[in-house]
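# Chain and residue survey
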Amino acid sequence: MAQPAKPAEVVEADAPPKKSKKKLFIIIGALVLLLGGGGAAAWFFMQGSDDPNAAHEEEPAKAPVFLPLETFTVNLQGGEQYLQTDITLQVADQADVDLIKLHMPRVRSRLLTLLSSQSAEALADPESKKKLVADILAQVKQPFDPKGKPQQVTDVLFTTFVIQ
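So, here's what we can say about the structure. Throughout, residues of each chain are indexed from 1 in the direction in which the sequence is written. Where local features are concerned, this predicted model is filtered to residues with pLDDT of at least 70; where side-chain atom pairs are given and counted, the filter is 80 or more; whole-chain, interface and lining totals use all residues. Computation of side-chain values: all heavy atoms of the structure, hydrogens and water removed.

Further remarks concern the overall build of the protein chain. Within the protein chain, the secondary structure is distributed over 6 helices and 4 strands. Helices (α) and strands (β) of the protein chain occur, in sequence order from the N terminus, as α-α-β-β-β-α-α-α-α-β. Each residue's exposure class comes from its accessible area (1.4 Å probe, protein chains only) as a fraction of the maximum for that residue type: buried when under 20%, exposed when over 50%, partly exposed otherwise. Within the protein chain, buried positions represent 22% of all 164 residues. Residue contacts are defined here by distance: any two heavy atoms, one from each residue, within 4.5 Å place the two residues in contact. Partitioning the intrachain contacts of the protein chain with sequence separation of at least 6 by distance along the chain shows that 66% fall at a separation of at least 24. Shrake-Rupley sampling with a 1.4 Å probe provides the accessible areas, and residues are treated as covered by the protein chains on show and by no other component. Of the accessible surface of the protein chain, which amounts to about 12600 Å², a share of 60% is contributed by carbon and sulfur atoms. Only DSSP runs of H or I with at least four residues qualify as helices, and only runs of E with at least two residues qualify as strands; both kinds are numbered from the N terminus onward.

Of the positions making up helix α3 (residues 94-102), those classed as buried are Asp96, Val97 and Ile100. One face of α3 carries all of its buried residues, which in axial projection span an arc of 105°. The exposed set on the far side of α3, more than 90 degrees from its buried face, consists of Ala95 and Leu102. For α3, the elements touching its buried residues are β1 (65-68), β3 (82-91), α4 (104-116), α6 (126-141) and β4 (153-163). The directions considered for the arc are those from the helix axis to the C-beta atoms.

Attention now goes to the packing of α4 against α6. The axes of two packed helices give the description: the angle between them and the distance between them. The interhelical angle for the contact between α4 and α6, taken along N-to-C directions, is 150°, at an axis separation of 10 Å. Judged by the inter-axis angle, α4 sits roughly antiparallel to α6. Taken as a pair, α4 and α6 cross one another with a handedness that is right-handed. The segment α4 lies against α6, with Val107, Arg110, Leu111, Leu114 and Leu115 engaging Leu132, Asp135, Ile136, Gln139 and Val140. When residue character is reported, Ala, Val, Leu, Ile, Met, Phe, Trp, Tyr, Cys and Pro are called nonpolar, Asp, Glu, Lys and Arg charged, and the others, Gly included, polar. Of the residues assigned to the contact of α4 with α6, the class counts are 7 nonpolar, 1 polar and 2 charged. Angles run from 0 to 180 degrees between N-to-C directions of axes, and those axes are lines fitted to C-alpha atoms, restricted for helices to the stretch in contact. Small angles under 35 degrees read as roughly parallel and large ones over 145 as roughly antiparallel, with 65 to 115 read as roughly perpendicular and the rest as oblique. The hand of a helix crossing depends on one turn: near helix anticlockwise from the far one by less than a right angle means left-handed, and clockwise means right-handed.

Right, let's get into the packing of aromatic side chains. The geometry of an aromatic ring pair is captured by the separation of the ring centres together with the interplanar angle, meaning the angle of the planes. Centres within 6.5 Å are what make two rings of Phe, Tyr or Trp a pair, Trp counting through its six-membered ring; a difference in plane orientation under 30 degrees is then read as stacked, over 60 as edge-to-face, and the rest as tilted. Within this structure, the stated rule accounts for 1 aromatic pair. Judged by centre distance (5.0 Å) and plane angle (70°), the rings of Phe158 and Phe161 are edge-to-face. Taking relative accessible area as the criterion, Phe158 reaches 26% and is therefore assigned partly exposed. Overall, Phe161 belongs to the partly exposed group, its relative accessible area being 22%. Sitting over the face of the ring of Phe72, Arg108 holds its NZ or CZ atom 4.3 Å from the ring centroid. Charge over a ring is defined by NZ of Lys or CZ of Arg lying within 6 Å of the ring centre and within 35 degrees of the ring normal.

Moving on: the pattern of salt bridges. Basic side-chain nitrogens of Lys or Arg form a salt bridge, by our definition, when they fall within 4 Å of a carboxyl oxygen of Asp or Glu. In total, this model carries 2 salt bridges according to the counting rule given. Among the salt bridges present, the one from Lys130 reaches Glu127, with a minimum N-O distance of 3.7 Å. Of this pair, Lys130 and Glu127 both sit in helix α6, 3 residues apart, which is roughly one turn of the helix. Asp135 is the salt-bridge partner of Lys131, the closest N and O atoms lying 3.0 Å from each other. Taken together, the residues span about one helical turn, with Lys131 and Asp135 both in helix α6 at a distance of 4 residues.

Here we come to the side chain of Thr85. Among the structural elements, Thr85 can be located in strand β3. Pairs of N or O atoms within 3.5 Å make up the polar contacts considered here, provided that, within protein, one atom can donate a hydrogen while the other can accept it, and that residues adjacent in sequence are counted only when both atoms are side-chain atoms. A distance of 2.6 Å separates a polar side-chain atom of Thr85 from the backbone oxygen of Thr160. The contact partners of Thr85, leaving out residues within four places of it in the chain, are Thr71, Phe72, Leu115, Phe158, Thr160 and Phe161.

Time to look at a nonpolar patch on the surface. By definition, no residue in a patch forms a salt bridge, and every one has over 30% relative accessible area; like charges are joined within 9 Å, nonpolar side chains (Val, Leu, Ile, Met, Phe, Trp, Tyr) within 5 Å. A contiguous nonpolar surface patch, about 280 Å² in accessible area, is contributed by Leu24, Ile28 and Val32. As for its placement among the helices and strands, Ile28 is situated in helix α2 (residues 22-47).

Here it is as structure tokens:
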């Protein structure tokens with residue numbers, strides 16, 4: 001008698017081998033991690049500061065406001081040399097420009113007095129020029145009225161500076 005063939009063995013031999021689902025789970029897990037990490041990073045960077053005093057929207061940077069002054073020519077200490085300089089002030093806004101222009105004779109008087117008190121030897125040193133900038137700032141910021149507020153001058157720029 002002939003033995004009948006085992007049908008289960010034949011079916012197993014004809015069927016393709018099962019692929020592991022482990023590789024599929026690893027790929028899906030990696031995608032979930034990448035998407036989750038990217039979303040968390042985007043959320044973190046979009047939140048900004050938790051400081052309640054901080055502005056939630058950044059204000060656009062204001063364009064600087066400059067006020068060029070007329071040329072200053074003064075005799076320096078010692079009387080044999082003179083200084084010729086052009087000064088430009090950087091101020092907070094147009095209101096400060098208007099206020100300084102209104103009181104320009106007082107500003108020029110203050111600066112002429114300050115500049116003429118300098119010596120040529122001292123002004124040759126870069127550190128002395130930095131001190132002069134600070135002194136000019138102090139003079140220009142002084143209130144014009146006894147009970148007035150100081151002007152908002154943020155910088156002093158020399159556009160020319162000649163000692164002869």
